[in-house]
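Summary of structural features
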Amino acid sequence: MTVTTGICSPYGFTRSPTEETATLSWDDGRWSVGGRPLAVPPEADDVAALRPLRGLRVEWPERPAAGALEAVAALAAAGVPLTGQDPPGWVRDADPVLAGLIAAWTPEADDGRPDSVADLRREEHSVRLRRHALRAAGVGTGLAPVTVVMATRRPHYVAHALRQLARQRGVGLEAIVALHGFPAARVREALAEFPHPMTVVEADPDAPLGAVLNMAAARASTGIVTKWDDDDWYGPEHLADLLLTMAYSGAELVGTAPEFFYLQPLDATIRRVDYSSEVWADHVAGGTIMLGRETFEQAGGFGELDRGEDAHLLRAVAAAGGRVYRTHGLGYVLRRSVGAEHTWNLPLAHFLRVAANQWRGFRPSVMLEAP
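Residues numbered from 1 in each chain as written. Predicted model: local features only at pLDDT ≥ 70, side-chain atom pairs only at ≥ 80, totals over all residues. Heavy atoms only, no water.

1. Regarding the side chain of S365
With respect to the element layout, S365 can be found in the segment after β18 (357-360). Reaching out from S365, the side chain makes a polar contact with the backbone nitrogen of M367 at a distance of 3.0 Å. When near neighbours in sequence (up to four residues on either side) are disregarded, S365 contacts L120, E124, F260 and L330. (Helix = DSSP H or I, 4+ residues; strand = E, 2+ residues; numbered from the N terminus. Polar contact = N/O pair within 3.5 Å; in protein donor to acceptor, adjacent residues only side chain to side chain. Contact = heavy atoms within 4.5 Å.)

2. Regarding the sheet that holds strand β4 (residues 56-59)
Sheets are built from strands that pair by backbone hydrogen bonding, the pairs being arranged parallel or antiparallel. Spatial strand order, β3-β2-β1-β4-β5: five strands in an open sheet with mixed pairing. Whereas interior strands pair on both sides, the edge strands pair on one side only; in this sheet they are β3 (36-37) and β5 (82-83). One ladder, built from two bridges, connects β4 with β5; its direction is parallel. From the neighbouring strand, L56 faces β5, where its bridge partner is L82. (Pairing = 2+ DSSP bridges.)

3. Considerations on the nonpolar core
In this structure, W31, L56 and L82 are the most contacted members of the largest nonpolar core, which totals 72 residues. Ranked by residue count, the leading element in this core is helix α2 (residues 68-77), at eight residues. For L82, the residues in contact, after removing those within four places along its chain, are L56, V58, V72, L75, A76, I102, W105, H125 and L129. Counting residues in each nonpolar core, the second largest holds 26 residues, with V149, A207, V225 and L253 among its members. (Core = buried A, V, L, I, M, F, W, Y, C linked by side-chain atoms within 4.5 Å. Buried < 20%, exposed > 50% of the residue type's maximum accessible area, 1.4 Å probe, protein only.)

4. Here we look at the pattern of salt bridges
Evaluated as defined, the whole model comprises 24 salt bridges. A salt bridge links R131 to D241, with the shortest nitrogen-to-oxygen separation between them at 2.8 Å. On the criterion of sequence distance, the pair formed by R131 in helix α5 (residues 118-136) and D241 in helix α9 (residues 238-249) is long-range, its members being 110 residues apart. What makes D241 buried here is its relative accessible area of 8%. Of the charged contacts, one joins R169 and E237 as a salt bridge, the two residues approaching to 3.0 Å between their closest N and O atoms. Residue R169 is located in the loop between α6 (155-166) and β7 (173-180), and its partner E237 is located in the loop between β10 (233-234) and α9; the two are separated by 68 residues in the primary sequence. By relative accessible area, R169 is classed as partly exposed at 36%. (Salt bridge = Lys/Arg side-chain N within 4 Å of Asp/Glu carboxyl O.)

5. Quick notes on α6
With twelve residues, α6 ought to run about 16 Å at 1.5 Å a step, and its terminal C-alpha atoms sit 17 Å apart, in line with that. Those residues of α6 not exposed but buried are P155, Y157, V158, H160, A161, L162, Q164 and L165. (Expected span 1.5 Å × (residues − 1).)

6. Some details on unusual backbone geometry
The residue after V40, namely P41, is reached through a cis peptide bond having omega 0°. Here P41 shows up in the loop between β3 and α1 (44-50). Unusually for a residue other than glycine, D28 sits at a positive phi of about 55°. Within the secondary structure, D28 sits in the loop between β1 (22-27) and β2 (30-33). Judged by its relative accessible area of 73%, D28 falls in the exposed class. Although it is not a glycine, E278 sits at a positive phi angle of roughly 55°. With respect to the element layout, E278 can be found in the loop between β13 (268-271) and β14 (279-280).

7. Digging into the environment of G55
Mapped onto the fold, G55 is located in the loop between α1 and β4. G55 sits in the buried class, given a relative accessible area of 1%. Along the primary structure G55 and P81 are separated by 26 residues, whereas in three dimensions their C-alpha atoms are 4.9 Å apart. Apart from the residues within four sequence positions on either side, G55 is in contact with E20, T21, A22, P81 and W105.

8. Some thoughts on the pairing of strand β6 (residues 146-152)
Side chains on a regular strand alternate between the two faces of the sheet. Burial analysis of β6 places seven of its seven residues in the buried class, the great majority of the element. In this structure, β6 lies alongside β7, joined through seven bridges in parallel fashion. Directly across from T152, in β7, lies its bridge partner L179. Viewed along the sheet, the connection from β6 through α6 into β7 turns out right-handed. (Right-handed = clockwise from strand over helix to strand, strands pointing away.)

9. Here's the deal with the pairing of β7
The element β7 is extensively covered by neighbouring structure, given that eight of its eight residues are classed as buried. As paired elements, β7 and strand β8 (residues 198-203) share six bridges and run parallel to each other. Bridged to H180 within β8 is A203. Where the polypeptide runs from β7 across helix α7 (residues 188-193) and back to β8, its parallel neighbour, the crossover connection is right-handed.

10. Thoughts on the packing of helix α4 (residues 96-104) against α5
Direction vectors running N to C along α4 and α5 enclose 170°, while the axes themselves pass 10 Å from each other. The orientation of α4 with respect to α5, classified from their angle, is roughly antiparallel. Each of V97, L98, L101 and I102 in α4 lies in contact with α5, whose residues at this interface are H125, R128, L129 and H132. (Axes fitted to C-alpha atoms, helices over the stretch in contact; angles between N-to-C directions. Parallel < 35°, antiparallel > 145°, perpendicular 65-115°, else oblique.)

11. Quick notes on the packing of aromatic side chains
Summed over all chains, the structure comprises 13 aromatic pairs. When the ring of W228 is compared with that of Y234, the centres are 3.7 Å apart and the planes differ by 15°; the resulting orientation is stacked. Here the aromatic rings of W233 and F362 are separated by 4.6 Å at their centres, their planes lie at 45°, and the arrangement is tilted. With W233 in strand β10 and F362 in the segment after β18, this residue pair connects regions lying 129 residues apart in the sequence. Given the relative accessible area of 14%, W233 is considered buried. Note on F362: relative accessible area 30%, which makes it partly exposed. Here the aromatic residues W26, W31, W60 and W90 are joined through ring pairs into a cluster of three or more. The aromatic ring of F13 is capped on one face by R130, whose charged end is 5.1 Å from the ring centroid. (Phe/Tyr/Trp six-rings, centres within 6.5 Å; stacked < 30°, edge-to-face > 60°. Lys NZ or Arg CZ within 6 Å of the ring centre and 35° of its normal.)

Have a look at this one:
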């Protein structure tokens, strides 16, 4: 793993800990865990040794010490789940956000029930830590604007999709919306309310979905292209998280794990964890693909197919030597319904079989910031 920033990254984060919380102690001018000294800043081997822990309890030195805060910030950038009592004043003065995050989380044991959220809350805490620490270290600073491409056959989902996109924060964006078989007049109000630059194209209803997406992407005016699905839910940090992932991984294509699914006919939410996150991969959730425009064009764009257009692009990027990285899926929920209008044909029973967690109703991660 090559981290382009030269600092710790979330690569290798472990969703389900196998060891309990340990203590990070300051002694003789350095941090140690269980008697094992940490380098300052921590090295990849240091971070890897901490991955199995449920959490790491920080025992701060009472007075400022050279390298002490920098090392903890590096662990936060790596997404190591940090906890501890209210830190001393010098820490709060130097980095009040990091101090508050560490003091606000208490590790919980996972009892193994299908509705347990202990591991999920741990990962949410990790995401908050890494977002703050990486950005504070300058990773992804001055995020590039993004072109969001969306193709939709369903007028009734346009307003929903644009509301999800309008609430993105921390990133400049433009939207290219391809109306696949219906005129803009049917969704005029939803289009008019969108607060960002937008281009609307009307595509022939018989054109393959991949061809329509490519037609939309050809109108991009930025250097980064990302796909948006009309019926799914996206957290307000979704785009910013993907851009941050591109910065710390150096990957040519990034996306999230397909993790949370809302099974609409059953009014149930499931979470699957068989797709690990913070890894090099050959698969990401299709509705979250983000890549450089040059890489997109070199790969030939989406497959000009009605199904499998995302998988075609992933394979083409890899065949051209591009690297694919999969980050967390906590800020994304895929909707699964029944009917011919959906491009997925897996039965709902499949999602129930692969679920690690299952809840009644719409139960996303808190990272989605759902109303």
